[in-house]
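Now for the letters of each chain:
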Amino acid sequence: MEPDFDDEDDHIYINEETELGRGNVLVSHAPKQRIVPPLNFCPVERYLYRSGQPSPVNFQFLLDLQLKTIIWLANEEPQDTLLEFCDSHAIQLQFATINPDGGEDDNPWDGLTEHSIIAALQTIVNAENYPLLVCCGMGRHRTGTVIGCLRRIMGWNLASVSEEYRRFAGSRGGRILVELLIEAFDTQLVEIDRVKAPQWLLQDAQ
Amino acid sequence: MSYRDRLEGLAADEPESLLKLLKQEDEEIESKLGLNNGMLNLHRVINEDPGLRKRIERILDRFYPNDINAKSQENNEEDVDDIYDADEHRVKSDAKLRIVDTEEEVIPPENFSHIVGEIYRSSFPRPENFPFLQNSIKLKSIMVLIPEDYPQENLDFMSQAKIKLFQIGMSGNKEPFVNIPSDLLTSALEVAINPENHPILIHCNRGKHRTGCLVGCIRRLQNWSLTMIFDEYRRFAFPKARALDQQFIEMYDEEKIKKTAHEKKWLPIKW
């Protein structure tokens, strides 16, 4: 009588304890809420953060950061859930398009153009946009490029910039092209308004 | 006669006096050898010549047989990084002190990062990092997690920059049976999350293991999920992540620090 066995397996006991007549199960305390930061999340400077693409499990965490702005470094739109989240919490979502003229031809694995790096940095050097999160798909190369160029503006030596970039680049390591781009980046191209710049930037620019 | 010839002569004929020389400051050695032009860096000369280095090691071997054995054992282990070597630190610092003035760039220490608010982490800071720590980060305190004496040049820098030192010496989680005691970690957390000490830099030798454990426990106070805590731990410990450290972070009993922190209103830690 094999079908009987199958039926047995298919039957799901929603509360086995009650079914067996053991009475109520007391739960002494609610399960602890665990906060989940996005992939590759890290603070960069005070009120400036970096990460991979946030998903709904990260939203509670993002609310704790009280973000005002998110910079999304990709041509393609982020997931709808993120768009809705930004919408409902009045977070300004800035697209730093990789290659504005690329049209259909552009690849998600293309690096950033100088134009898009400057556009992102122009937002980052303005404290009115803070607290601010910079992110891309995995929070590795595009985010790393922008943060690397920011470190150059801050006057970090290149070895430290490279070390930081590689820390987030994952097991396959950094991309030489990204590091060349960071090294060659002309920091003068970013205009810094001293009145609006975050405190930590002014100290180093002096 | 070149420096190298002089050293080789000394090594062959008078191992005792060479040993003595090795233990003195570079400047003294320079004057002893009659080279007051500031060009000599004894350790560098020795390191650059494999033959000379071998011979000096053999000589040292004769004087400190136990030391050498202990050292080679340490080297066989995976984690020489954890052992703070005062001489190594001094040699690197000396080499850097001479070029630091000409640099306009700021140089953060290796493995430097923000943790949360005004709490920072890094490896052992050296003189080339002092301007960064003083002017860019404007540190108020440094907490070191190694038990060894803190180097004099770091102490001098800190007294000049009015930075307070907290030392909580831990020996790290290592096979077999060496564990960071939980109460040490608790007292370290009390220093780290107390806003009165901020901005604070937390460091050990490489900023990987002991610092990683402490940061992991700070993340637990922020209620981070363990998966993301471990992910962060591994990012900074790469390529030397330790299962024992991750276990420690998970097993750490946070009851006492949570009680203190709630009483003093340190939680939630401000971003």
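My aim in this report is to walk through the structure given alongside it, one point at a time. (Residues numbered from 1 in each chain as written. Chains lettered and ligands numbered in written order. Predicted model: local features only at pLDDT ≥ 70, side-chain atom pairs only at ≥ 80, totals over all residues. Heavy atoms only, no water.)

**Remarks on the overall build of chain B**
Using the following cut-off: Helix numbering and strand numbering both begin at the N terminus, where a helix is a DSSP run of H or I of at least 4 residues and a strand a DSSP run of E of at least 2. Here's how the labels work: a residue is buried when its accessible area is under 20% of the maximum for its type, exposed when over 50%, partly exposed in between, all with a 1.4 Å probe on protein chains only. We call two residues contacting when some pair of their heavy atoms lies within 4.5 Å. Areas reported here follow the Shrake-Rupley algorithm with a probe of radius 1.4 Å; residue values treat only the protein chains shown as occluding.
The number of helices and strands found in chain B is 14 helices and five strands. Per-residue burial over chain B gives 51% buried out of 271 residues. The contacts in chain B between residues at least 6 apart in sequence include a share of 67% that link residues at least 24 apart. When the accessible surface of chain B is summed, it comes to about 13900 Å², and 49% of that surface belongs to carbon and sulfur atoms.

**Focus: the sheet that holds strand 1 (residues 113–116) of chain B**
Residues and elements named next belong to chain B. Worth spelling out the cut-off: Strand pairing is assigned whenever DSSP identifies at least 2 bridges connecting the two strands. As a rule, the C-alpha atoms of each element are fitted with a line to give its axis, helices using only the stretch in contact, and angles between N-to-C directions run from 0 to 180 degrees.
What the five strands build is an open sheet, ordered 1-2-5-3-4; its pairing is mixed. Either end of the sheet is taken by a strand with one partner, and the two such strands are strand 1 and strand 4 (164–167). Averaged over all adjacent pairs, the angle separating strand axes in this sheet is 25°, with direction ignored. Across four bridges, the pairing between strand 3 (residues 141–144) and strand 4 is parallel. Looking at the pairing, methionine 143 lines up with phenylalanine 166 of strand 4.

**Topic: unusual backbone geometry**
The step from Tyr130(A) to Pro131(A) runs through a cis peptide bond, and the omega angle for that step is -10°. Within the secondary structure layout, Pro131(A) lies in the loop between helix 5 (114–124) and strand 5 (132–135). That bond from Leu267(B) to Pro268(B) is cis: its omega, -10°, falls within 30 degrees of zero. For Pro268(B), the location among the structural elements is in the segment after helix 14 (255–263). Even without a glycine there, the phi angle at Tyr47(A) is positive, about 65°. Along the chain, Tyr47(A) falls in the loop between strand 1 (42–45) and strand 2 (48–51).

**Some details on the side chain of Thr69(A)**
Residues and elements named next belong to chain A. Where we set the bar: By the criterion applied in these results, polar contacts are pairs of N or O atoms within 3.5 Å in which, for protein atoms, one can donate a hydrogen and the other can accept it, and in which residues neighboring in sequence qualify only through two side-chain atoms.
Residue position: threonine 69 is located in strand 3 (residues 69–72). Looking at threonine 69, its side chain comes within polar contact range of the main-chain oxygen of asparagine 129, at 2.7 Å. Residues in contact with threonine 69, not counting those within four places in the same chain, are Ile91, Gln92, Thr123, Asn129, Pro131, Leu132 and Leu133.

**Describing the side chain of His89(B)**
All names here are of chain B. As for its position among the elements, histidine 89 is in helix 7 (residues 86–97). Residue classification places histidine 89 among the buried residues on the basis of a relative accessible area of 2%. Reaching out from histidine 89, the side chain makes a polar contact with the side chain of asparagine 154 at a distance of 3.5 Å. Apart from the residues lying within four places of it in its own chain, the contact partners of histidine 89 are Tyr84, Phe124, Pro125, Arg126, Pro151, Glu153 and Asn154.

**Examining the sheet that holds strand 4 (residues 92–95) of chain A**
Strand pairs in the sheet, formed through backbone hydrogen bonds, run parallel or antiparallel to each other. Residues and elements named next belong to chain A. Strand order in the open sheet made by the five strands is 1-2-5-3-4, with mixed pairing throughout. Edge positions in the sheet fall to strand 1 and strand 4, since each of these pairs with one other strand and no more. Strand-to-strand, the axes of this sheet are offset by a mean angle of 25°, without reference to chain direction. Taken together, the four bridges between strand 2 and strand 5 define a ladder with parallel strand orientation. Of the residues in strand 5, the one forming a bridge with tyrosine 49 is leucine 133. On the sheet, helix 6 (residues 141–153) packs against strand 1, strand 2 and strand 5 and is oriented at approximately 150° with respect to strand 2.

**Some details on the pairing of strand 5 of chain A**
Residues and elements named next belong to chain A. Burial along strand 5 is two-sided: Leu132 and Val134 facing one way and Leu133 and Cys135 facing the other are all buried. In terms of strand pairing, strand 3 meets strand 5 through four bridges, oriented parallel. Within strand 5, the residue paired with tryptophan 72 across the bridge is cysteine 135.

**Considerations on the packing of aromatic side chains**
Threshold: Each Phe, Tyr or Trp ring, with Trp reduced to its six-membered ring, pairs with another whose centre is within 6.5 Å; inter-plane angles below 30 degrees give stacked pairs, above 60 give edge-to-face pairs, and intermediate values give tilted ones. In this analysis the charged atom, NZ for Lys or CZ for Arg, is taken to sit over a ring once it is within 6 Å of the ring centre and within 35 degrees of the ring normal.
Under the counting rule described, the total for this entry stands at 16 aromatic pairs over all chains. Both rings, one in Phe41(A) and one in Trp271(B), keep their centres 5.7 Å apart while their planes meet at 90°; by these two values the pair is edge-to-face. Residue Phe41(A) is found in the loop between helix 2 (16–19) and strand 1, and its partner Trp271(B) is found in the segment after helix 14; the two belong to separate chains. The two residues Phe41(A) and Trp271(B) agree in class, both being buried. Where Trp156(A) meets Phe112(B), the ring centres are 6.1 Å apart and the plane angle is 70°; that geometry is what we call edge-to-face. Residue Trp156(A) is located in the loop between helix 6 and helix 7 (158–167), and its partner Phe112(B) is located in the loop between helix 7 and strand 1; the two belong to separate chains. On the basis of relative accessible area, Trp156(A) is assigned to the buried category, the value being 4%. By relative accessible area, Phe112(B) is classed as buried at 3%. An aromatic cluster is present here, built from Phe41(A), Tyr49(A), Phe61(A), Trp224(B) and Trp271(B) joined pairwise through their rings. Geometry around Trp156(A) places Arg151(A) over its ring, the cationic atom sitting 4.0 Å from the centre. Of note, Arg121(B) hangs over the ring of Phe236(B), and the distance from its end group to the ring centre comes to 3.9 Å.

**Regarding the packing of helix 10 (residues 182–192) of chain B against helix 14 of chain B**
All names here are of chain B. Our working definition: Oblique is the label for every angle not falling under 35 degrees (roughly parallel), over 145 degrees (roughly antiparallel), or within 65 to 115 degrees (roughly perpendicular). Crossing handedness is defined as follows: a turn of the near helix away from the far one that is anticlockwise and smaller than a right angle gives a left-handed crossing, while the clockwise case is right-handed. Note on residue categories: nonpolar means Ala, Val, Leu, Ile, Met, Phe, Trp, Tyr, Cys or Pro, charged means Asp, Glu, Lys or Arg, and polar means any other residue, Gly included.
Orientation of helix 10 relative to helix 14, taken along the N-to-C sense of each, is 25°, at an axis distance of 9 Å. Comparing the axis directions of helix 10 and helix 14 gives the class roughly parallel. Considering how the two elements wind past one another, helix 10 and helix 14 form a crossing that is right-handed. Residues Thr186, Leu189 and Glu190 of helix 10 touch helix 14, and the partners they reach there are Lys256, Ile257 and Thr260. Of the residues belonging to the contact of helix 10 with helix 14, the class tally is two nonpolar, two polar and two charged.

**Overview of the interface of chain B and chain A**
Stated formally: By buried area we mean how much accessible surface two parts lose on assembly, using a 1.4 Å probe and totalling the loss over both.
Facing 29 residues of chain B, the contacting portion of chain A comprises 31 residues. Interface area for chain B against chain A, summed over the two sides, is near 2500 Å², with a carbon-plus-sulfur share of 54%. Contact with chain A buries area across many residues of chain B, yet His114(B), Arg235(B) and Trp271(B) alone supply 30% of it, more than any other trio. Broken down by element, the side of chain B that touches chain A gets its largest block of residues, five residues, from helix 12 (residues 226–237) of chain B.

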